[in-house]
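Structural overview
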Amino acid sequence: MKYEIPEVISAGIYDIELAAKGRALTNNRKTVMFEIELPLSDGGISYVNSEERPIRSDTLICAKPGQIRHTRAPFSCYYMHVMISEGELYETLVGLPNFIKTDKKEKYLELFKRFCRHWENGTHSEELISGSVMLEIFYHLITDAKGTTARERIKSNNYAAIESTVSYIKENLTAELSLETLAQRAGFSAIYFHKCFKASVGMTLREYVEAQRIKRATMLLVQSDMTLTEIAYECGFSSQSYFSYAFRRKMGMTPREYAARLWERYETDEQ
């Protein structure tokens, strides 16, 4: 690709505490150029259009012209604001994610320092040096963005697989719902599936399955005349004794006590 060096409007270090004069949240504003930022520490939140991300020193921010953005403190960064409206570089930068994770933050820090030092001097020779450093920053951004895009695609695929698993569990409580079985169904290894499921749902697969089975049992206890044994097998428990044990551990009372209290409350309300 052939890239021309774009016009740099401003660059340097930004500190929200100084710029926002003590306010924790900056006002919404519409960007008119590319705003490339390297956070100097973790903390705060960056909002770009409908996307929000915790600010991290290993994640660069790449805002594009026309986007709406604001920031929650704390936040400080190296930044460069670049004006470019057409051409190959414009198309490439527009296609970058708003947030780009990197494992080269020390490299970026060194490049931003060099860029700002040469750009601020303002001589023709210094502008050539700062321009070359800027293109090197863009090169690393484009390279790291490929990894970010791949990770986001994996995350999206993981979410779809977990969502499908959750639906399957709810509709098949009496089926074999072991970690190995569901991981194989999702196309993951058992270890990776366990990690994805817990991160997405907030509990382990075993905890979630048991919670759904008990939820189903609470409905049957008051909406049917089934015996405890029938309810246990209908909800996927291996036996009535294990059903009663799991129910009491989760609800703090036996299934019979739970049903009796609900009926007592119902009769009181009717009076």
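Above this note sits the structure.
Scoring rules and cut-offs
Residues numbered from 1 in each chain as written. Predicted model: local features only at pLDDT ≥ 70, side-chain atom pairs only at ≥ 80, totals over all residues. Heavy atoms only, no water. Phe/Tyr/Trp six-rings, centres within 6.5 Å; stacked < 30°, edge-to-face > 60°. Buried < 20%, exposed > 50% of the residue type's maximum accessible area, 1.4 Å probe, protein only. Lys NZ or Arg CZ within 6 Å of the ring centre and 35° of its normal. Pairing = 2+ DSSP bridges. Helix = DSSP H or I, 4+ residues; strand = E, 2+ residues; numbered from the N terminus. Axes fitted to C-alpha atoms, helices over the stretch in contact; angles between N-to-C directions. Expected span 1.5 Å × (residues − 1). Salt bridge = Lys/Arg side-chain N within 4 Å of Asp/Glu carboxyl O. Parallel < 35°, antiparallel > 145°, perpendicular 65-115°, else oblique. Contact = heavy atoms within 4.5 Å. Disulfide = S-S within 2.5 Å. Nonpolar A, V, L, I, M, F, W, Y, C, P; charged D, E, K, R; others polar.

1. Section: the packing of aromatic side chains
This model, assessed by the stated rule, comprises twelve aromatic pairs. Ring centres of Phe 188 and Phe 193 lie 6.4 Å apart, and the angle between their planes is 45°; on these two criteria the pair is classed as tilted. Phe 193 sits in the buried class, given a relative accessible area of 0%. The aromatic ring of Tyr 168 is capped on one face by Arg 185, whose charged end is 4.1 Å from the ring centroid.

2. Brief notes about the sheet that holds strand E3 (residues 34-39)
Taken together, the five strands give an open sheet; going across it, the order is E1-E8-E3-E6-E9, and neighbouring strands pair in antiparallel fashion. Two strands close off the open sheet at either side, each with one partner strand: strand E1 (7-15) and strand E9 (99-101). The average undirected angle you get between the axes of adjacent strands in this sheet is 20°. As defined by bridge partners, E3 adjoins strand E8 (residues 76-83) across six bridges and the pair is classed as antiparallel. Counted as the bridge partner of Glu 35 is His 81 from E8.

3. Details of the environment of Glu 106
Positionally, Glu 106 belongs in helix H3 (residues 105-121). Residues Glu 106 and Ala 73, spaced 33 residues apart in sequence, show a C-alpha to C-alpha distance of 23 Å.

4. Focus on helix H6 (residues 190-201)
Spanning twelve residues, H6 covers 16 Å between terminal C-alpha atoms, matching the ideal 16 Å at 1.5 Å per step. Positive phi appears at Gly 202, one or two residues downstream of H6, with a value of about 95°.

5. Thoughts on the pattern of salt bridges
Taken as a whole and assessed by the stated rule, the structure comprises twelve salt bridges. Glu 110 is the partner of Arg 114 in a salt bridge, and the nearest nitrogen-oxygen pair spans 3.4 Å. Separated by four residues within a single helix, Arg 114 and Glu 110 lie in helix H3, roughly one turn from each other. Overall, the relative accessible area of 25% leaves Arg 114 in the partly exposed class. Linking Glu 210 and Arg 249 is a salt bridge whose minimum nitrogen-to-oxygen distance equals 2.5 Å. Of this pair, Glu 210 sits in helix H7 (residues 205-223) while Arg 249 sits in helix H9 (residues 240-251), and the two are 39 residues apart along the sequence. Judged by relative accessible area, which is 15%, Glu 210 ranks as buried.

6. Focus on the pairing of E8
Counting buried positions along E8 gives seven out of eight residues, so the element sits mostly inside the fold. Summarising the sheet, E1 and E8 pair through eight bridges and their orientation is antiparallel. Its bridge partner lying in E8, Val 8 is registered against Val 82.

7. Describing unusual backbone geometry
Geometrically, the link from Ala 73 to Pro 74 is a cis peptide bond, its omega value of 5° lying close to zero. With respect to the helices and strands, the residue Pro 74 is situated in the loop between strand E7 (68-72) and E8. In this model, Asn 49 sits at a positive phi of 55°, which is unusual for a non-glycine residue. Here Asn 49 shows up in the loop between strand E4 (45-48) and strand E5 (51-54). Assessed through its relative accessible area of 45%, Asn 49 is described here as partly exposed.

8. Description of the packing of helix H5 (residues 179-186) against H6
Interhelical geometry of H5 versus H6 gives an angle of 90° and a closest axis separation of 9 Å. The orientation of H5 with respect to H6, classified from their angle, is roughly perpendicular. In contact with Leu 179, Leu 182, Ala 183 and Ala 186 of H5, H6 contributes Ala 190, Phe 193 and His 194.

9. Re the state of the cysteines
Applying the stated rule across the entire model yields zero disulfides. Free cysteine Cys 77: the closest other cysteine sulfur is in Cys 116, separated by 9.8 Å.

10. Here's the deal with the packing of H7 against H9
Contact geometry of H7 with H9 gives a least axis separation of 10 Å together with a crossing angle of 100°. Here H7 lies roughly perpendicular to H9, going by the angle between them. In this structure, H7 uses Arg 206, Glu 210, Ala 211, Ile 214, Ala 217, Thr 218 and Leu 221 to contact H9, whose residues at the interface are Tyr 242, Phe 243, Ala 246, Phe 247, Arg 249, Lys 250 and Met 251. Of the residues assigned to the contact of H7 with H9, the class counts are nine nonpolar, one polar and four charged.

So yeah, pure geometry; function would need other evidence.
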